[in-house]
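# A look at the structure
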Amino acid sequence: MAIKQQSSFPLRVLADLSLLFCILLAPVCSATPATAPATLLQLKSSLTDPEGVLSGWSLEADVCSWHGITCLPGEVDIVTGLNLSGYGLSGVIPPAIVGLISIESIDLSSNSLTGPIPPELGLLENLRTLLLFSNSLTGTIPPELGLLKNLEVLRIGDNRLHGEIPPHLGNCTELETLGLAYCQLNGSIPAELGKLSHLQQLVLDNNTLTSGIPEQLAGCASLRDLSVANNMLQGNIRSFIGSFSNLQSLNLANNQFSGGIPAEIGNLSGLTYLNLLGNGLTGAIPEELNRLSQLQVLDLSMNNISGNLSISTAQLKNLKYLVLSGNLLGGAIPEDLCAGDSSSLENLFLSGNNLGGSIEALLNCGALRSVDVSNNSFTGAIPPSIDRLSGLVNLALHNNSFTGSLPPQIGNLSNLEILSLFHNGLTGEIPPEIGRLQKLKLLFLYENQMSGTIPDELTDCTSLEEVDFFGNHFHGSIPERIGNLKNLAVLQLRQNDLSGPIPASLGDCRSLQALALADNRLSGTLPETFGQLAELSVVTLYNNSLEGPLPESLFQLKNLTVINFSHNRFSGSLVPLLGSGSLSVLALTNNSFSGVIPAAVARSRNMVRLQLGGNRLAGAIPAELGNLTRLTMLDLSFNNLSGNIPAELSSCKELTHLKLDGNRLTGSVPSWLGALRSLGELDLSSNVLTGDIPAEIGNCSGLLKLSLSDNHLSGSIPPEIGRLTSLNVLNLNKNGLAGAIPAALRQCDKLYELRLSENALEGPIPPELGKLPELQVILDLSENRLSGEIPASLGDLVKLERLNLSSNRLDGQIPPSLLKLTSLHLLNLSGNLLAGAVPAGLSGFPAASFAGNDELCGAPLPRCAPSSSARRLPGTVVAVIVAGIAVVSAAVCVALLYTMLRVWSNWRAVSVSSSDGEESAHSGGKWGGAAAGDGKYWKVGSPMSAAAAGEKHSSGSETSVLHAGKSTEAAGAAKS
């Protein structure tokens, strides 16, 4: 409702508004043509004029002769035009400009003006053209501009204007051009603009406009150019777009339009430019687009368009640019894409679709200059008749599945400048005919399966700027005449099988900026001519067999930023590499460089990686390295460095990797390491460091690896290490650490490797270690003084592969919970005080895993005694059993004594009444038994007989004793 009220401005309202302006601005309303010079001088005073173009503006000269001023022909002082475009003027546009009452055209574009657009411009009723574009004007678009009834051209884009487009502009009914692009405008496109029936150009690009294109714009029947690209417009593209019968250019690119492309666009018979790229359009390409016979540019790229490629230049005879990249198109390239010889198609971009099959159909498009069908699924060989495209300048076939060899006919494409064939399955050699491509600038063959030698003819392509053969199987040497390529800026030959020396002629490639020869079998020394490569910025030679000292001439290379000579056999001093003060990477690991680390390394204040590990460097770590405040990696490992770790390194706050291991460093572990909050790896192992582990290390919250092994550290493990919740590796092996293992290590729940062996740690193993769910590589607590039982919780470390608890004082049984460690392939519990049976599930480990535990038994150790397998009874039960045995034994003894007394009494009575004869001997045989060796019988009353009888009874069971007693009593009763 408000919009309708604003857009209907009756004449009386406008008259009242004008009257109000006159009341407020009485001096302006009294302006006459004669006041124009004074008004212009006010404008001059508000501007800064760096080029002096306004120096001639003076009352001493006729105003019509002033620079940039146009007057009405035949009239004096009637200023109709002001043109100060492109003079670098700054300042503001003063409201006093309204005094130019006769002005018809104002052009202040392409300057550096600031401040708002004066609303007073709305009173210049004769104004037809207002050009303020390409400045730095701020504020909103004044709605008062809607008062300019005669305005035909309004271009105020490319400023810092914000807010919405005022609907009042719909009252400028004579408007033919409205340009508001490249501002910060928001809101929707006003429907009131549909009243501009004379509008021919509507340009609203590069704002943040939302909603859709209002249907009321159909009223702009004269529209020839509609451009709303790079906004946030949404919804479907409305079919009314097809009603603009005069439309020649339609640009809706880079918005958020969705749905299908309306078939009605095919009605725009005069359309020459159609750009819908970068939306969310779906569906197939409408066949109706083939009716656009005047179309020269069609760009539907970066959408979700599917289906087959249905464009035919048989009907689109004027089409020069066809851009369909980044969609979901499938199928093959149609045979009628370029039917006959009438095709004008010069540029074809189909990359990033799902197209497949052969590219033979392209050979009918004889006018093609640029072809990009990369990132598809094309197969087969590159057609030998590719030379039918004789005008081809750019050919991009990369990221497909082409096979076979590169046809020699490629050498006939004499206009070719770019040949990109990387990431295919090409095999075979580079044809020597490639040397005929005198205009070739870029040659990309990387990530194929090509082989053979690099042909010398390649050095005849003297326009080459970039050569990339990475990841093939080329062998042999680098061409000796490589120096012929004077324009070469990039030479990438990494990951091949090249051998031999680096040619000295390479030094003649004076334009070379990037050289990558890594991962080959190159040998020999660096040529002295390397020092001629003054433009060289990046050089990578790692993983070769290059040797010898570096040429002194390298010091002349002042533009070097990246040097990687790692894994070679270079020797001597580092100084030749330090001529540049712009190094960001210096990687020389695993060579044989010697001497001290030069302090000049610190000249490159932008250094982010310094890797000197695995050399023969000696002396102290230079304190000057502390000046490298952007350093993220410092690797000085495995050298012969000595002295303390310099405190100046504490200034390297961005360090993520600090590797000083494998040297002879002394002193303590610095507490300032805790201030390196970005540190992810700290390795000080294999040095001669002493003292405690500083608790401050617990402040390195991003630490992933902490290795202090093989030093002379003492004291306890600080519990603050538990604050390192990102820690993956903790290695404190081979020190003199004492005290208990802190339970706080449980908080390091991302640990997958924990090594605390060969220390003097005491106390029990904390059960909390079983709560480290990611522990996988190893848990090594061996060669300490740990005591107590193995915690059952270690069985929860289900990912663990190696467990070493050997050479401690652990006792008790091996917990059965260790059977849950199904990933375990190394177990060492030897050298402890463990007892009991080895759980059956651990019997697959060798006997050495359990050796040195004297009370352990069971496979793989010797079998356990039967009693050892019985269940151990509680102490109270054992006491009751012992007491019971004692009582029973006492009862048995009493019964035996009683029996013997009765027997003795009976036999005594018999012996008194009888003589010593056969009866006596016979009775002795029955009860006393025969003597051991003389065949004689003892008398029952003899001491030997009594002893034998007692021995016999004591060895029998309780039942036997009772049975014997009853028999004796019965015998006695019979005789009595």
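Below or above, wherever it landed, is the structure these notes cover.

So, how was this worked out
- Residues numbered from 1 in each chain as written.
- Predicted model: local features only at pLDDT ≥ 70, side-chain atom pairs only at ≥ 80, totals over all residues.
- Heavy atoms only, no water.
- Helix = DSSP H or I, 4+ residues; strand = E, 2+ residues; numbered from the N terminus.
- Buried < 20%, exposed > 50% of the residue type's maximum accessible area, 1.4 Å probe, protein only.
- Areas by Shrake-Rupley, 256 points an atom, 1.4 Å probe, with all protein chains shown as cover.
- Disulfide = S-S within 2.5 Å.
- Phe/Tyr/Trp six-rings, centres within 6.5 Å; stacked < 30°, edge-to-face > 60°.
- Contact = heavy atoms within 4.5 Å.
- Salt bridge = Lys/Arg side-chain N within 4 Å of Asp/Glu carboxyl O.
- Arc of directions from axis to C-beta.
- Pairing = 2+ DSSP bridges.
- Axes fitted to C-alpha atoms, helices over the stretch in contact; angles between N-to-C directions.

## Comments concerning the overall build of the protein
- Of regular secondary structure, the protein possesses 9 helices and 64 strands.
- When burial is assessed residue by residue, the protein has 48% of its 976 residues classed as buried.
- With the model as given, the accessible surface of the protein reaches about 41,700 Å², and the carbon-plus-sulfur share is 52%.

## Here's the deal with the state of the cysteines
- What the rule picks out here adds up to 3 disulfides.
- Cys338 shares a disulfide with Cys365; S-S distance 1.9 Å. On the sign convention where negative is left-handed, the bridge of Cys338 and Cys365, at about 95° about the S-S bond, is right-handed. With Cys338 in the loop between strand 21 (330-331) and strand 22 (347-349) and Cys365 in the loop between strand 23 (354-357) and strand 24 (370-372), this pair connects stretches of sequence that are 27 residues apart.
- Cys338 gets classed as buried once you look at its relative accessible area, which sits at 1%.
- The residue that forms a disulfide with Cys857 is Cys864, at a sulfur-sulfur distance of 1.9 Å. Judged by the sign of its S-S torsion, about 100°, the cystine formed by Cys857 and Cys864 is right-handed.

## Here's the deal with the packing of aromatic side chains
- Applying the stated criterion across every chain yields a total of 8 aromatic pairs.
- Relative to Trp66, the ring of Trp57 lies with its centre 5.4 Å away and its plane at 25°, an arrangement referred to as stacked.
- Residue classification places Trp57 among the buried residues on the basis of a relative accessible area of 2%.
- Residue Trp66 is classed as buried on the basis of its relative accessible area, which comes to 2%.

## With respect to the environment of Pro598
- On the secondary structure map, Pro598 appears in the loop between strand 43 (592-596) and strand 44 (609-611).
- Among all residues touching Pro598, those that are not within four sequence positions of it are Leu574, Val575 and Leu578.

## A few points about the pattern of salt bridges
- According to the stated counting rule, one finds 13 salt bridges in the structure shown.
- Of the charged contacts, one joins Lys659 and Asp661 as a salt bridge, the two residues approaching to 3.8 Å between their closest N and O atoms.
- Of the residues examined, Asp661 reaches a relative accessible area of 4% and is grouped as buried.
- Put simply, Lys659 and Glu681 hold a salt bridge, and the shortest N to O gap is 3.8 Å. With a gap of 22 residues between them, Lys659 in strand 48 (residues 657-659) and Glu681 in strand 50 (residues 681-683) connect regions that are remote in the sequence.
- One continuous salt-bridge network, built from bridges that share partners, spans Lys659, Asp661, Glu681, Asp683 and Lys705.

## What to know about helix 4 (residues 36-45)
- Those residues of helix 4 that sit buried are Ala36, Pro37, Thr39, Leu40 and Leu43. Projected onto a plane normal to the axis of helix 4, the buried residues spread over an arc of 160° and lie on a single side.

## Some details on the sheet that holds strand 63 (residues 833-837)
- Reading across from one edge, 55-57-59-61-63-64 is the order of the 6 strands in this open sheet, with parallel pairing throughout. This sheet does not close on itself; its edge strands, each paired only once, are strand 55 (738-740) and strand 64 (855-857). Averaged over neighbouring strand pairs, the angle between their axes works out to 25° when direction is ignored.
- Sheet analysis places strand 59 (residues 785-789) next to strand 61 (residues 809-812), joined by 3 bridges and oriented parallel. Across the sheet, residue Gly788 finds its bridge partner in strand 61, namely Leu810.

## Describing the environment of Gln513
- When you line up the elements, Gln513 lands in the loop between strand 35 (497-500) and strand 36 (514-516).
- Since its relative accessible area comes to 43%, Gln513 is described here as partly exposed.
- Spatially, the C-alpha atom of Gln513 lies 4.0 Å from that of Leu536, the residues being 23 residues apart in sequence.
- What Gln513 contacts, discounting residues up to four positions off in sequence, is Ala489, Glu535, Leu536, Ser537 and Val538.

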